[in-house]
Amino acid sequence: MKLRFLVETVDGAQQELERPVSLLLTRSADTPADSLKGVFLLASGSWEQEIVRIDLQADGVWWFRGICDRQIVGIDSEGCKLTVWARSDAAVLLDNEAIPQEYRYISLWEMFEKHLAPYGFQRDFAENSLVLNYQVGKGVSEWDAFSTFCERTVGRRPHIHLSRVLLGLPGQSSHVIAADEAVTAVRHTIRRTEVISQVLLRDELGRYSTALQNGAAQKLKITRRRCMLPSAEWSFPRQDVQLKMQESMRGREQWEIELPKLTAWNLGDEVSGTRGGITFRGNIVYEEFEFSSSGEKTTVMIE
């Protein structure tokens, strides 16, 4: 797989970094911003330019486009090296606080136009929904204002792939790991510590009089109760409770697969196979792409 690293400096100049030493690129369904760490060997002298952006292509396809958070130039026994830490363009939505306000009769499309479109993102979904009241509190990021609205109105979590905003993850492909395909490791994890079995909802008199149950947790013989205050931002507390219990189930059972190569898989892709008595099938919710002097590696987590 051929990788190209393109950077833009603060003066607007663009150039290619041609001597990568190592790369770590991570993507997660839990955050809209991918993260990248790259180390490059400089041909001669030091690097004095301040980097604004770094983009990565893999075999001519955009893998990463984002903003530079930090750079370090250092010298060791191997020579002068430039290390860059970056997050994808969606980081701007995490870094900027939404203006606190209360909306009346606002739709999902309008929320997108107010909170995401001004930063250059494109809407890539047709679903729409209208609510009578929605409040954006102090200290809420642009992304959280929009993503929480999505979950409460259409019951789906948004995600950003490059500049496109989707309801759900971008991956649509299926990958079957054949019996003769090289696999470094497979791990199957079951977590029981985060699952909520019951939520007590407080009423207008201050009593926790309404109990909502998580049937899936009860079947697993998990007992974990939480008490919840109705949100001032939202007039449907029962829906908030259901979302809280659903969130507690995320990541309960996962498989981690390591492959000794770089893949072109996306979040949401289905991966299946069998190794050493462990059979796995699920959709990618986390992935790492890594290369260094010790070789290439892709790690995916599916559930």
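Colleague: An account of the pattern of salt bridges is requested, with residue identities and associated values reported.
Modeller: Overall, the coordinates contain 26 salt bridges when judged by the stated rule. D69 is paired through a salt bridge with R87; the nearest N and O atoms lie 2.6 Å apart. One end of the pair, D69, is in strand β6 (residues 61–76); the other, R87, is in strand β7 (residues 79–88), with 18 residues separating them in the sequence. With relative accessibility at 22%, the residue R87 sits in the partly exposed group.

Colleague: Report on helix α2 (residues 108–115), specifying residues and quantitative values.
Modeller: Turning to α2, its buried residues are L108, M111, F112 and H115. The buried residues of α2 occupy an angular sector of 100° when the element is viewed end-on, so they sit on one face. Contacts from the buried residues of α2 go to α1 (91–95), β8 (101–107), β9 (122–123), β10 (130–136), α3 (142–154) and β12 (164–167).

Colleague: Break down a nonpolar patch on the surface for me, with residues and values.
Modeller: Together, Y105, L130 and L132 make up a nonpolar patch on the protein surface, roughly 370 Å² of accessible area in all. Topologically, L132 is positioned in strand β10. By relative accessible area, L132 is classed as exposed at 58%.

Colleague: Please give an account of the sheet that holds strand β11 (residues 158–161) that cites residues and values.
Modeller: The pairing of strands in a sheet comes from backbone hydrogen bonds and takes either a parallel or an antiparallel form. Here three strands make up an open sheet; going across it, the order is β9-β12-β11 and the pairing mixed. If you trace the sheet from one side to the other, it starts and ends with β9 and β11, each paired once. Direction of pairing for β9 relative to β12: parallel, over a ladder of two bridges. Looking at the pairing, Q122 lines up with R164 of β12.

Colleague: So what's going on with the pairing of strand β16 (residues 208–213)? Which residues, and what values?
Modeller: Regular strands place side chains that alternate from one sheet face to the opposite one. Two strands pair when backbone bridges link them, and strand β15 (residues 198–202) and β16 are joined in this way by five bridges, in the antiparallel orientation. Along β16, the bridge assignment pairs V199 with L212. Turn length for the β15-β16 hairpin, with the two strands adjacent in sequence and antiparallel, is five residues, and the turn residue G206 shows positive phi of about 85°.

Colleague: Go over the nonpolar core, please, and point to the residues and values.
Modeller: Within the largest apolar cluster, 25 residues are counted, with the highest numbers of intra-cluster contacts made by Y134, F146 and V165. In terms of residue count, the dominant contributor to this core is α3 (five residues). L23, L36, L82 and F291 belong to the second-largest nonpolar core, a separate cluster that totals 24 residues.

Colleague: Break down the side chain of S197 for me, with residues and values.
Modeller: Locating S197 in the fold gives a position in the loop between β14 (185–190) and β15. Look at S197 and you get buried, because its relative accessible area is 6%. Within the structure, the side chain of S197 is placed 2.7 Å from the backbone nitrogen of R224, a separation counted as a polar contact. Residues in contact with S197, not counting those within four places in the same chain, are L212, Q213, N214, A217, Q218, I222, T223, R224, R225 and M245.

Colleague: Please give an account of unusual backbone geometry that cites residues and values.
Modeller: Residues other than glycine seldom take positive phi values, yet Y105 does so here, at roughly 55°. Judged by its relative accessible area of 56%, Y105 falls in the exposed class. Even without being a glycine, L162 presents a positive backbone phi close to 55°. Mapping L162 onto the fold places it in the loop between β11 and β12. Judged by its relative accessible area of 34%, L162 falls in the partly exposed class.

Calculation rules
- Residues numbered from 1 in each chain as written.
- Predicted model: local features only at pLDDT ≥ 70, side-chain atom pairs only at ≥ 80, totals over all residues.
- Heavy atoms only, no water.
- Salt bridge = Lys/Arg side-chain N within 4 Å of Asp/Glu carboxyl O.
- Helix = DSSP H or I, 4+ residues; strand = E, 2+ residues; numbered from the N terminus.
- Buried < 20%, exposed > 50% of the residue type's maximum accessible area, 1.4 Å probe, protein only.
- Arc of directions from axis to C-beta.
- Contact = heavy atoms within 4.5 Å.
- Patch = residues over 30% accessible without salt bridge, like charges linked within 9 Å, V, L, I, M, F, W, Y side chains within 5 Å.
- Areas by Shrake-Rupley, 256 points an atom, 1.4 Å probe, with all protein chains shown as cover.
- Pairing = 2+ DSSP bridges.
- Core = buried A, V, L, I, M, F, W, Y, C linked by side-chain atoms within 4.5 Å.
- Polar contact = N/O pair within 3.5 Å; in protein donor to acceptor, adjacent residues only side chain to side chain.

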